[in-house]
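# Overview (structure and organization)
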Amino acid sequence: MRKMNLHGKTTTEIADLLRDHGITATLQRVEIARILLSKKQHVSAEQVLEKVNKGRSLVSKATVYNTLRLFAAKGLVKEVIVDPTKVFYEPKTNDHHHFFNVDTGELTDFDVDFPLVDNLPHTPEGMSVVGVDITVRVRAAHA
Ligand SMILES: [Zn+2]
C-alpha cells in the first residue's frame, strides 16, 4: 500500500495522490489533504476547518464537510463514526478498531490479529462482508 506520510510533500505530489484516487485536485482539497494525511491522527471536521483556515477564512465549513465525505468515499481517508455528532477522519491504514473515551472524546487505535466477532449473522442475499469496525467506549475506572 502507498505510504501516506505526506510530511514535506509538495503540492504537486499531493495533487497527484488526489488524482490517483479519482479526485479532482483543487487548491482547497490539496490543503485539506495536507492536514489530514500529514501524520497518523484522528481529526474531526471541526478540527480540519480550524487548521485549514488558521484564523483566515479560506475554506467554508460546507466545503470541508463535503471534501471529507468525498475523500472517505474515494478511499483516501477512513471515516470513523462514533455517533452522528462525533465523526473522525484518519489516514487510510490497515483495518483496526478504536477505543473511544467518553469523557475526553479521544479516539485511540487498537489492533487484533484475530476476528473480534466470531459469529457474524448471515449476510443478506447476494451481499458479502467488507469490514467490521468496532468502537469500544471507555472511561477512567474509579477505585
Ligand atoms: Zn484509527
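I will try to describe carefully the structure that is included in this document. All values reported here derive from a predicted model rather than from experimental measurement. Each chain carries its own residue numbering, running from 1 in the written order of its sequence. Local features in this predicted model are restricted to residues whose pLDDT is 70 or higher, and side-chain atom pairs enter the listing and the counts only when it is 80 or higher, whereas totals over whole chains, interfaces and linings include all residues. The side-chain values count all of the structure's non-hydrogen atoms but skip hydrogen atoms and water molecules.

## Describing a nonpolar patch on the surface
A cluster of nonpolar residues, Phe114, Leu116, Val117, Leu120, Val129 and Val132, forms a patch on the protein surface that exposes about 480 Å² of accessible area. Mapping Leu116 onto the fold places it in the loop between β5 (107-110) and β6 (135-138). A relative accessible area of 37% means that Leu116 is categorised as partly exposed. Patches in this entry comprise residues that are over 30% relatively accessible and not in a salt bridge; like charges within 9 Å are linked, as are nonpolar side chains (Val, Leu, Ile, Met, Phe, Trp, Tyr) within 5 Å. Throughout, the Shrake-Rupley method with a 1.4 Å probe supplies accessible areas, and for residues the shown protein chains are the sole cover considered. Whenever a carboxyl oxygen of Asp or Glu lies within 4 Å of a side-chain nitrogen of Lys or Arg, that contact is scored as a salt bridge. A run of H or I in DSSP becomes a helix once it reaches four residues, and a run of E becomes a strand once it reaches two; helices and strands are each numbered from the N terminus. The buried label applies to any residue whose accessible area, calculated with a 1.4 Å probe on protein chains only, is under 20% of its type's maximum; exposed applies above 50%, and partly exposed to all values in between.

## Thoughts on helix α3 (residues 45-53)
Buried residues of α3: Ala45, Val48, Leu49, Val52 and Asn53, and no others. Taken around the axis of α3, the buried residues stretch over an arc of 115 degrees, which confines them to a single face. On the buried face of α3, the contacting elements are α2 (27-37), β1 (43-44), α4 (61-73) and β3 (86-91). Lys54 occupies a position one or two residues after α3 and carries a positive phi of about 40 degrees. The arc in question is traced by the directions running from the helix axis to the C-beta atoms. Between two residues, a contact is recorded if the distance between any of their heavy atoms is within 4.5 Å.

## So, the packing of helix α1 (residues 11-20) against α2
Orientation is described by lines fitted to C-alpha atoms, with helices fitted over the stretch in contact, and by angles between N-to-C directions that extend from 0 to 180 degrees. Look at α1 against α2: their axes get within 10 Å of each other, and the N-to-C directions meet at 95 degrees. With respect to α2, the element α1 is oriented roughly perpendicular. Here α1 contributes Thr11, Ile14, Ala15, Leu17 and Leu18 to the contact with α2, which in turn contributes Arg29, Val30, Ala33, Arg34 and Leu37. Here the angle decides the label: under 35 degrees means roughly parallel, over 145 means roughly antiparallel, 65 to 115 means roughly perpendicular, and every other value means oblique.

## Observations regarding the pairing of strand β2 (residues 77-83)
With six bridges joining them, β2 and β3 adopt antiparallel strand pairing. Directly across from Glu79, in β3, lies its bridge partner Tyr89. Hairpin connection, β2 to β3: the antiparallel pair is bridged by two residues. Any two strands between which DSSP finds at least two bridges are classified as paired.

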